[in-house]
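Observations on chain architecture
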Amino acid sequence: VMGNSSEFQKAVKLVIDTVSFDKDSTVQVFEATIRVLGSLLSAHIIITDTKQPFGDMTIKDYDNELLHMAHDLAVRLLPAFENTKTGIPYPRVNLKTGVPPDSNNETCTAGAGSLLVEFGILSRLLGDSTFEWVARRAVKALWSLRSNNTGLLGNVVNIQTGHWVGRQSGLGAGSDSFYEYLLKSYILFGEKEDLEMFSDAYRSIQNHLRRGREACNEGEGDPPLYVNVNMFTGQLMNTWIDSLQAFFPGLQVLIGDVEDAICLHAFYYAIWKRYGALPERYNWQLQAPDVSFYPLRPELVESTYLLYQATKNPFYLHVGMDILQSLEKYTKAKCGYATLHHVVEKTKEDRMESFFLSETCKYLYLLFDEENPLHKSGNKYMFTTEGHIVSVDERFRNSLWQDILPGEEDSAEKMKPSELKAVNFSSNCNRVPDERRYLLPLKSNYMRQIDRMVGLI
Ligand code: DMJ
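Given the structure is predicted, the values throughout are model-derived calculations rather than measurements. As a convention, each chain's residues are numbered from 1 in the sequence order in which they are written. Owing to the predicted nature of the model, reporting of local features is limited to residues with pLDDT of at least 70; listing and counting of side-chain atom pairs is limited to 80 or more, with chain, interface and lining totals taken over all residues. Side-chain measures here rest on the full set of heavy atoms in the structure, leaving out hydrogens and waters.

1. A look at the site of the ligand
Around the ligand, the surrounding shell consists of Phe30, Ile34, Asp176, Ser177, Leu244, Arg297, Pro298, Glu299, Phe355, Glu359, Thr385 and Glu386. A 3.5 Å cut-off defines polar contacts: any pair of N or O atoms within that distance qualifies, except that in protein one atom must be a possible hydrogen donor and the other a possible acceptor, and neighbouring residues in sequence count only when both atoms are side-chain atoms. Contacts to the ligand include Glu299, whose side-chain N or O atom sits 2.7 Å from an oxygen atom. Contact between the ligand and Glu359: an oxygen atom at 3.2 Å from a side-chain N or O atom of the residue. Computed by Shrake-Rupley with a 1.4 Å probe, the accessible areas treat only the displayed protein chains as cover when residues are assessed. Contact with the protein chains removes 93% of the 300 Å² of surface that the ligand exposes when unbound. Under the DSSP-based scheme used, a helix requires at least four consecutive residues in state H or I and a strand at least two consecutive residues in state E, with every element numbered from the N terminus. Those elements giving two or more residues to the shell around the ligand turn out to be α2 (29-48), α7 (176-189) and α13 (354-368). Under this grouping Gly is polar, as are all residues other than the nonpolar Ala, Val, Leu, Ile, Met, Phe, Trp, Tyr, Cys and Pro and the charged Asp, Glu, Lys and Arg. In terms of residue class, the shell around the ligand is built from 5 nonpolar, 2 polar and 5 charged. We define proximity as follows: a residue is near a molecule or strand when any one of its heavy atoms falls within 4 Å of that partner.

As structure tokens, then:
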């Protein structure tokens, strides 16, 4: 993304020469997929891109090594999808020996249901349907367990019985990327059923999770907030929001619901302004953190970047600058950037998660790099949930094995990348952002209201 081809080539060679997955190590299927599989696939796509928009990222004598490594890793993850009665995978797998004998039968919705982008890309690059098939089966199994009453899913499920162990439905931990990947799978593969699931889920979210006034930027009542509810009754389960939820305005940008995105983003930014970071959980009733650490998460920066791309409003450059300055001030350490152990006391932990580089830094860099090839029309890219870039191109539209994908009857209809916008979202989901309209993104009384809600004034 920075166009630094020599470092990229060095890193790729290092990975090819030194990384092996033949390890007696138990990993989380979700984390290994989004962090490791995703980066291998992304780098492979960049290396083999015929246009090379980021500069010359080709590797001399490259023989698809990264794709082979991705395949090797994915094969080692496959045992997670075996011996499960629902098709929902086990959460952990040993890379050498498969599912550990004492394995937990419970998994979270996001962990089990956000594997389709990486597994689908791998299948389509290899022409081997296995990976997409298992990932799609897991999504469909989870989807079939949603509440008849609210249309919502819980956050923890038993993979053998299909019984919901965690009935909390929200947009944060345990759920977030499930929704993200319904939409992103559709953007990438054009399978209509993914969009239909996403549209239904989005409708249920708006009906049951969104609280506050209807028009977000005007009128009486509280500014909107997405809360955690019981999936079966829609009743409020607690009064906290978590820092992972801050990804949601970015997802709203992708579907064109920019106004709601602007309002929701402003709420998280108000919390950031108060602490110079986002606490892992913030209790909006107590106006105080419930869980106080900040592991350098990217979600607020990600939404800021996407909102800037959608509106070009300099307000988001200001937000980015503010975030950057707090990161420099509070998290910079001798050898990197440190997790904040406590957002009030600003104590640090000796820990820097890989998503700090793959997401937080990348989105910050891109926010200010107006001329980046990623922003040029004609170059179409999508970010995976871990911030790895993949090109949205025809290569991923071919599922020649369509007939053997689970429940394929109504999914035969495929959309071309250029047709993506022409789908029936509910009325407020298809707005084309008008730059002038967002010159002042939020009314001053709105800002005052949320500043008061987070105890800033
Ligand atoms: C990232 O690993 C991914 O974005 C994931 O989907 C959830 N959030 C973390 C970083 O906070």
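Further notes follow.
2. Some details on the pairing of strand β12 (residues 288-291)
One requirement defines pairing of two strands: DSSP has to find at least two bridges between them. Here strand β11 (residues 281-283) pairs with β12 via 3 bridges, running antiparallel. Bridging across to β12, Asn283 finds its partner in Ala288. The turn joining β11 and β12, which pair antiparallel and follow one another in sequence, is formed by 4 residues; a positive phi near 55° is taken by Gln287.

3. Examining the domain arrangement of the chain
It is common to report an interface's size as the accessible area lost on association of the parts. Boundary definitions for the domains trace back to an automatic or database domain assignment. Here the domain parsing of the chain yields domain 1 (1-238) and domain 2 (240-392 + 432-456). When each unit is reduced to the centre of its C-alpha atoms, the spacing between domain 1 and domain 2 is 21 Å. Working rule for contacts: check all heavy atoms of both residues, and any pair within 4.5 Å makes them a contact. Taken together, the contact pairs 48 residues of domain 1 with 48 residues of domain 2. Here the quantity called buried area is the accessible surface, traced with a 1.4 Å probe, that two parts lose on coming together, added over both. Overall, the association of domain 1 and domain 2 removes approximately 4,300 Å² of surface from exposure, summing both partners, and the carbon and sulfur fraction of that is 64%. Should a side-chain nitrogen of Lys or Arg be within 4 Å of a carboxyl oxygen of Asp or Glu, the pair is scored as a salt bridge. Where domain 1 meets domain 2, there are 3 salt bridges. Here domain 1 is connected to domain 2 by 19 residue pairs in polar contact (both at pLDDT 80 or more). Split by residue class, the side of domain 1 that touches domain 2 holds 26 nonpolar, 11 polar and 11 charged.

4. Thoughts on the packing of aromatic side chains
Stacked, edge-to-face and tilted labels apply to pairs of Phe, Tyr and Trp rings (six-membered ring for Trp) whose centres lie within 6.5 Å, assigned for plane angles under 30 degrees, over 60, and everything in between, in that order. Summed over all chains, the structure comprises 17 aromatic pairs. Ring geometry for Phe198 and Tyr202: centres 5.8 Å apart, planes at 25°, overall stacked. In this pair, Phe198 and Tyr202 are both assigned in helix α8 (residues 192-208), 4 residues apart and thus about one turn of the helix distant. Judged by centre distance (5.1 Å) and plane angle (75°), the rings of Phe315 and Tyr316 are edge-to-face. Relative accessibility under 20% of the residue-type maximum defines a buried residue, over 50% an exposed one, and the middle range a partly exposed one, all with a 1.4 Å probe and only protein chains included. Overall, Phe315 belongs to the buried group, its relative accessible area being 17%. Looking at Tyr316, the relative accessible area reads 0%, which means it is buried.

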